[in-house]
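Here is how the chains run, residue by residue.
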Amino acid sequence: MKITEEMVDYVSILSRLKLPEEEKAKMTGELEQIVSYMDVLARLDTSEIEPMSHVFPVRNVFRADEVVPSYSRAELLKNAPVPDKEAFLVPKTVE
Amino acid sequence: MELMELTALELGAAIKKGEVSVPEATRAALNRVSEANPENNAFITVTAEAAMARAEELQKGVKDASAPLYGVPMALKDNICTKGVKTSCASKILGDFAPVYDATLVEKLEQGGNVLLGKLNMDEFAMGSTSETSYYGPVKNPWATDHVPGGSSGGAAAAVAAGECWYAVGSDTGGSIRQPASYCGVTGMKPTYGTVSRYGLIAYASSLDQMGPLARTAADCAAVLDAVTGKDKRDGTSLGGTYGSLLAALDGKVKGMKIGIPDDCFGDGLDAEVSQAVLAVAEVLRARGAQVEHFALPVMEYVVPTYYIIAAAEASSNLSRFDGVKYGWRAEGYEDLTDLYNKTRTEGFGAEVKRRILLGTFVLSTGYYDAYYKKALQVKAVIKKAYDEAFSNYDLILTPVAPTTAPRLGESLSDPLKMYLSDIYTVPLNLAGLPGLSMPCGLDQNGMPIGAQLIGPALGEQKVLNAAHAFQMDTDFHKMAPKGGTAQ
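Basis of the calculations
Residues numbered from 1 in each chain as written. Chains lettered and ligands numbered in written order. Predicted model: local features only at pLDDT ≥ 70, side-chain atom pairs only at ≥ 80, totals over all residues. Heavy atoms only, no water. Helix = DSSP H or I, 4+ residues; strand = E, 2+ residues; numbered from the N terminus. Rg over C-alpha atoms; globule rule 2.2 N^0.38 Å. Buried < 20%, exposed > 50% of the residue type's maximum accessible area, 1.4 Å probe, protein only. Contact = heavy atoms within 4.5 Å. Areas by Shrake-Rupley, 256 points an atom, 1.4 Å probe, with all protein chains shown as cover. Lys, Arg positive; Asp, Glu negative; His and termini not counted. Charge placed at Lys NZ, Arg CZ, Asp CG, Glu CD. Salt bridge = Lys/Arg side-chain N within 4 Å of Asp/Glu carboxyl O. 1 Å grid on protein atoms, 1.4 Å probe; cavity = no way out; pocket = protein on both sides within 12 Å on 5 of 7 lines; lining within 4 Å. Points joined across faces, edges and corners; volume = space filled by probe spheres on them. Nonpolar A, V, L, I, M, F, W, Y, C, P; charged D, E, K, R; others polar. Pairing = 2+ DSSP bridges. Axes fitted to C-alpha atoms, helices over the stretch in contact; angles between N-to-C directions.

Draft legend 1. The arrangement of the overall build of chain B in detail. Scanning chain B for helices and strands turns up 15 helices and 11 strands. In terms of overall dimensions, chain B is globule-like: its C-alpha atoms have a radius of gyration of 21 Å, near the 23 Å expected for 488 residues. Expressed along its principal axes, the backbone C-alpha trace of chain B runs to roughly 65 × 55 × 50 Å. Across the 488 residues that make up chain B, the buried fraction comes to 68%. In chain B, 77% of the contacts between residues at least 6 apart in sequence involve partners at least 24 apart. Entry remark: accessible area of chain B is about 15,700 Å², with carbon and sulfur atoms responsible for 49%. Here chain B contributes 44 positively and 55 negatively charged side chains, and the mean placements of these two sets differ by 5 Å.

Rendered as structure tokens:
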């Protein structure tokens, strides 16, 4: 599988990453090597096999919808890089 | 009595008998940490004051204590949430993040009377096989400081090996407990998926992540697992009521046990010294009455690509929460919100984490989803079936943990694919959800530890621990301690 810098640009946008040019060139080569190796899976015929997301038959775990106290806002905001007294602050996004 | 040479259970018994106090044990461990940490960098955070205060408090309750590890000092990998104590995942992006809650595992350990010494270094976000990708600098192997301790729970393995704590808890997504345990000559176990609640474990790949112990012996691992397993309503994938006390049922009986050796795990790429030492484990168990047979497990060539596709896909989703807004570190000099995200994530994540996020985003993207992600989930079913079939014939499977002993520092990061390939023997257990234990079984010609892996069927922890205990009753490999310095 050929990986181009355009493909890396595209997944970088989706990932909210913006690699510097030289880092991008190196990453493109490494990803191509890794993805090419993964193509070994194509050798295996899996047309009749259901994709397996969970290994054990645990399904639909329900709980009662009870109101419980949430964490203190002041405590949570202590970890924010730029908070005020009641919110996370970010650059203005809507004019 | 050399305190730091005791096993966790021996120390627990000595505390109960009053031969040593909890503060004495804690002080001894903290002294050892101050000595060893400048050498091996196993700890990111040492909570000395809180540990001594906790030790004093626990000492008052010794008489009434019943937990076998009551008062025994230990440490946690730094991706396990501890209330009010910095939890960094060894990443710049989390800054000085201090969680507002404890992981369920941390609450359970506290109920059992643990003393927390601090938080352990690791590969950034548990992504790596060497513990060199940490923002806080690489961990060094106590057996030879020019070698890596393995990863990603390298700090946990190094701390136990260097005698800085009696046990540690790490996490294992593709071998991150077992492989460093192997490289550092300690015993480590990844239990069956779902046996330990993941609530409060910062997620890497949620369908594969599982926490477990690293300690000196299989018996210590059993005692830790007894304390931390169980159903948790805060983790929908946790299982409950699966088995009784692993420690109480630990008898080392392997008579009649059928042990399978997959020839596909002993082929090309496996170091001859490692192969020899692992096969010798089978002979020890055979002498105790186990039956040993060789068999074919023809899925090994698929396990690494399947693992890295699934793990990277889940990582790309899990790590989207790190955005410089809610917690942790934020970059400077951004123009707008998107630029804030881009700059924070590009500067806040290291190269290996970015590689896996990009890879995961790629395999989930339109046009490639079916060929990679969906395909990997299908192959996962094939791999699971191969193990199910093997366990219809055998009680346990014996393999190496890693193809070689610990590589030198700096040798692995230049070739990521080569590093991924070294995970071949450990990743299939995470894909199939199975329990696996790594235990020391020899030294190579450079004096570096070799590990053997015992694999059980789902919820077969007791069988795995019994076989490991039997091996440790008859051999002294688990008693070897590093002499330090550089490799011979």
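On we go from here.
Draft legend 2. Representation of the pattern of salt bridges within the structure. According to the stated counting rule, one finds 28 salt bridges over all chains in the structure shown. Between R288(B) and D474(B) there is a salt bridge, with the nearest N and O atoms lying 2.7 Å from each other. Of the two residues, R288(B) is situated in the loop between helix 8 (272-287) and strand 8 (291-295) and D474(B) in helix 15 (residues 461-474); the sequence distance between them amounts to 186 residues. Through salt bridges that share partners, K26(A), E30(A), E352(B), R355(B) and R356(B) make up one connected network.

Draft legend 3. Representation of the layout of surface pockets. Residues and elements named next belong to chain B. When its volume is computed, the largest pocket comes out at roughly 750 Å³. If you trace the largest pocket, you find 34 residues lining it, with M4, E5, R216, M480 and A481 closest to the centre. Elements represented by at least two residues in the lining of the largest pocket include exactly helix 1 (8-17), helix 2 (22-40), helix 5 (154-161), helix 7 (218-228) and helix 15. Per element, the largest residue contribution to the lining of the largest pocket is four residues, and it comes from helix 2. In this structure, the second largest pocket encloses a volume near 540 Å³. Contributing to the lining of the second largest pocket are 22 residues, with C81, Y101, I202, R321 and Y327 lying nearest its centre. Broken down by class, the residue content of the lining of the second largest pocket amounts to 14 nonpolar, two polar and six charged.

Draft legend 4. Geometry of the sheet that holds strand 5 (residues 187-190) of chain B. Residues and elements named next belong to chain B. One open sheet accounts for 11 strands, arranged 1-3-2-4-6-5-10-11-9-7-8; its pairing is mixed. Every interior strand has two partners, whereas the edge strands, strand 1 (43-46) and strand 8, have only one. For this sheet, the mean angle separating the axes of adjacent strands, direction not counted, is 30 degrees. As defined by bridge partners, strand 5 adjoins strand 6 (residues 210-215) across two bridges and the pair is classed as antiparallel. Bridge pairing links T187 to A215 in strand 6. Packed on one face of the sheet, helix 12 (residues 370-393) meets strand 7 (258-262), strand 8, strand 9 (396-400) and strand 11 (449-455) and runs near 120 degrees to strand 9.

Draft legend 5. A look at unusual backbone geometry. Residue and element names in this part refer to chain B. With omega at 10 degrees, the peptide bond leading from G151 into S152 counts as cis. The backbone phi angle of N41 is positive, close to 60 degrees, even though this residue is not glycine. Take N41: it is sitting in the loop between helix 2 and strand 1. Phi is positive for L459, close to 65 degrees, though the residue is something other than glycine.

Draft legend 6. Main features of helix 5 of chain B. All names here are of chain B. With eight of its eight residues buried, helix 5 lies for the most part within the structure. Within the span of helix 5, buried status applies to G154, G155, A156, A157, A158, A159, V160 and A161. In the core, the buried residues of helix 5 are packed alongside helix 2, strand 1, strand 3 (115-120), strand 4 (167-172), helix 6 (178-184) and strand 6. Immediately beyond the C-terminal end of helix 5, within one or two residues, lies G163, with a positive phi of roughly 70 degrees.

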